[in-house]
Amino acid sequence: MLIVTSNEIPGHRIDAVFGEVMGLTVRSRDIGSQMLAGFRSLGGGELPEMTKALYESRQEVMARMVNEAQQRGANAIVAMRFDTSEMGTNWTEVCAYGTAVYVLPLGEGEPGATGQSVYLTKTAAQQPAQPAQPAQPGQPQQPTPPAPPTQF
C-alpha cells in the first residue's frame with residue numbers, strides 16, 4: 001500500500017476514489033510510565049516511555065487505516081494525516097486518516113511518468129498472470145483480489 005501526505009502521487013494516475021479511511025485508538029497511560037516520565041520531565045529532554053507509546057499508537061492506527069482502504073479495493077492512500085488529542089487526564093486519542101484511491105503507474109512516454117512509474121509498468125508487464133488455484137476439499141476458498149476499477 002502506497003501512502004503519501006500529498007494529494008497526488010508523482011508518476012501515477014488516480015483511477016478511482018473510494019473516500020476517507022481512518023484508523024483510531026484511544027490509549028491510557030499506565031501509572032508507572034507516567035510517573036517515570038514525570039520525574040524525567042523535571043530534567044528536560046526526551047521521554048522515551050511516551051515516545052514509545054506514541055510510536056506504537058501511530059503504527060496501530062496506520063494498520064487499521066490500511067486495512068479499511070484494502071477492504072474498499074484501494075492500493076494507495078493520499079492526503080494522509082495524523083491527529084492526536086487528549087481525552088481526560090490520562091487518555092490520548094490517536095487517529096490516522098486519508099483518502100483511499102486506486103492508482104495506476106504511468107508508463108514510458110506518458111506525460112508525468114517518472115523513472116519509478118516506468119519501472120513499475122515494465123515490471124508488471126514482465127510478470128505472467130497467476131492462474132487461480134482451485135480450493136482443496138475441506139479448505140476454504142481464498143478470496144481473489146479486486147480487479148482494477150474501470151475508467152469512468
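Residues numbered from 1 in each chain as written. Predicted model: local features only at pLDDT ≥ 70, side-chain atom pairs only at ≥ 80, totals over all residues. Heavy atoms only, no water.

Across its full length, the protein holds 3 helices and 4 strands. By the burial criterion, 26% of the 152 residues in the protein qualify as buried. A sequence separation of at least 24 residues applies to 71% of the contacts in the protein between residues at least 6 apart. (Helix = DSSP H or I, 4+ residues; strand = E, 2+ residues; numbered from the N terminus. Buried < 20%, exposed > 50% of the residue type's maximum accessible area, 1.4 Å probe, protein only. Contact = heavy atoms within 4.5 Å.)

Time to look at the side chain of Ser-57. Structurally, Ser-57 can be placed in helix H2 (residues 48-71). Classification of Ser-57 as buried rests on a relative accessible area of 4%. There is a polar contact of 2.9 Å between the side chain of Ser-57 and the backbone oxygen of Ala-53. Excluding residues that lie within four positions of it along the chain, Ser-57 makes contacts with Thr-25, Arg-27 and Val-94. (Polar contact = N/O pair within 3.5 Å; in protein donor to acceptor, adjacent residues only side chain to side chain.)

As a further point, take the sheet that holds strand S3 (residues 76-87). If you trace the 4 strands from one edge of the open sheet to the other, you get S1-S3-S4-S2, paired in mixed fashion. Among the strands making up the open sheet, the edge pair consists of strand S1 (2-3) and strand S2 (12-28). As paired elements, S1 and S3 share 2 bridges and run parallel to each other. Looking at S3, one finds that Ile-3 is bridged to Ile-77. Relative to S2, H2 is tilted by about 140°, and along the sheet it contacts S1, S2, S3 and strand S4 (91-105). (Pairing = 2+ DSSP bridges. Axes fitted to C-alpha atoms, helices over the stretch in contact; angles between N-to-C directions.)

Take the environment of Thr-89 next. One can find Thr-89 in the loop between S3 and S4. Residues Thr-89 and Ser-28, spaced 61 residues apart in sequence, show a C-alpha to C-alpha distance of 9.1 Å.

A word on H2. With 24 residues, H2 extends 35 Å from end C-alpha to end C-alpha; this agrees with the ideal 34 Å at 1.5 Å per step. Residues of H2 that are buried include every one of Glu-49, Ser-57, Val-61, Met-62, Met-65, Val-66 and Ala-69, and no others. Once H2 ends, the next one or two residues include Gly-73, with phi positive near 95°. (Expected span 1.5 Å × (residues − 1).)

Turning next to the pattern of salt bridges. Tallied over the full model, the rule gives 5 salt bridges. Across the salt bridge formed by Arg-27 and Glu-60, the nearest N and O atoms sit 2.2 Å from each other. Placement of Arg-27 in strand S2 and of Glu-60 in helix H2 is noted, with a sequence separation of 33 residues between them. For Glu-60, a relative accessible area of 23% corresponds to the partly exposed category. In this structure, the salt-bridge partner of Arg-72 is Glu-68, at a minimum N-O distance of 2.9 Å. (Salt bridge = Lys/Arg side-chain N within 4 Å of Asp/Glu carboxyl O.)

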